[in-house]
Amino acid sequence: MEHNGPSSLLDHDTMIMQQRTNFMSNDFDILDEHEAVIGHVATGGSAAGRFFMGSRELTLQDHDRTPLAVITDPVNFGFDKFEIHFSDGSLLANVRKRFTFIRKRIDVEVVDGPVIELHGRLFDFDIQFSIDGNTVAEATRKWAGFGRGFLGHSRYALLFSVPTPPAAKLALIGGMLALDLIRAKDSKNN
């Protein structure tokens, strides 16, 4: 089979999220199983806003930096609610942080689609994504190496176990990125 240039991020079922964090940004390179760059995540919003309130907007980009989706953390009161928008601005999904009796729970509520539940050890990146009780993807922590770990960079793999339509992949990736924003907020508040 002939391959004409890099494929789209959404063509891959294995995505390694390599974080590149600093004081004012929470960027990622997204790699395939062979460590080739297949996508990016760029921190958005104003510098002043990031300074005072942290990262509240992430743009998911294809390998050529074409925007695919935007994950936002609108200012709200009560339970955190994040939004995932297609690149044209239309709403794809809402991500809600919920508390159950013994654990935190994250739901990705896809517009005109299913609710995707993130469960497992959410902040340790041992996560399963389920729709109606069926696991469709999972995320696992990957060691970034001593140098990267020392600089605060994390690495995890997102693995799709069933054929997943592009919009659902965007929602799942957006849910993972929203979880990362939640982790950053929680660590800042502790």
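Just so you know, the residues in each chain are numbered from 1, in the order the chain's sequence is written. At least 70 in pLDDT is required for a residue's local features to be given in this predicted model, at least 80 for side-chain atom pairs to be given and counted, and no such filter applies to totals for whole chains, interfaces and linings, which use all residues. To get the side-chain values, all heavy atoms of the structure are used, and hydrogens and water are removed first.

Draft legend 1. Geometry of the packing of aromatic side chains. Two aromatic rings, drawn from Phe, Tyr or Trp (for Trp, its six-membered ring), form a pair once their centres lie within 6.5 Å of each other, and the interplanar angle then sorts them: stacked below 30 degrees, edge-to-face above 60, tilted otherwise. Within the structure shown, the criterion is met by 1 aromatic pair. Pairing Phe28 with Tyr156 gives two aromatic rings, centres 6.3 Å apart and planes at 75°, and the pair type is edge-to-face. Taken together, the residues Phe28 in strand β2 (residues 25–31) and Tyr156 in strand β12 (residues 155–160) connect sequence positions 128 residues apart. The buried label goes to any residue with under 20% of its type's maximum accessible area, the exposed label to any with over 50%, and the partly exposed label to all in between, with areas taken from a 1.4 Å probe on protein chains only. The class for Phe28 is buried, based on a relative accessible area of 0%. Put simply, a charge is over a ring when the Lys NZ or the Arg CZ is close to the ring centre, within 6 Å, and near the line of the ring normal, within 35 degrees. Here Lys169 stacks its cationic end above the ring of Phe160, 5.1 Å away from the centre of that ring. Secondary structure elements follow DSSP: runs of H or I of four or more residues count as helices, runs of E of two or more count as strands, with numbering from the N terminus.

Draft legend 2. Highlighting the pairing of strand β8 (residues 104–110). With 4 bridges joining them, β8 and strand β9 (residues 115–121) adopt antiparallel strand pairing. Bridging across to β9, Ile106 finds its partner in Leu118. Two strands form a pair only when DSSP identifies at least two bridges running between them.

Draft legend 3. Spatial organisation of the confidence of the model for the chain. Of all residues in the chain, 72% have pLDDT values of 70 or greater, and the mean over the chain is 79. Within the chain, the element-level pLDDT minimum falls on helix α2 (residues 146–150), averaging 44, and the maximum on strand β5 (residues 67–72), averaging 94. Within the model, the stretch residues 1–5 combines pLDDT values under 50 with 0 contacts to residues more than four positions away or in other chains. Every residue in residues 46–54 is under pLDDT 50, and counting partners more than four places away or in other chains gives 13 contacts. As a per-residue measure, pLDDT tells how confident the predictor is, with possible values from 0 to 100. Residue contacts are defined here by distance: any two heavy atoms, one from each residue, within 4.5 Å place the two residues in contact.

Draft legend 4. The pairing of strand β4 (residues 57–62), seen in detail. Burial runs high along β4: 5 of the 6 residues are buried. One ladder, built from 5 bridges, connects strand β3 (residues 37–43) with β4; its direction is antiparallel. Bridging from a neighbouring strand, Ala42 pairs with Thr59 of β4. Where β4 lies against β5, 5 bridges are found, and the strand directions are antiparallel. Looking at β5, one finds that Glu57 is bridged to Thr72. Taking the residues that link successive antiparallel strands as the turn, the β4-β5 hairpin has 4 residues, and the phi of Arg65 there is positive, at about 75°.

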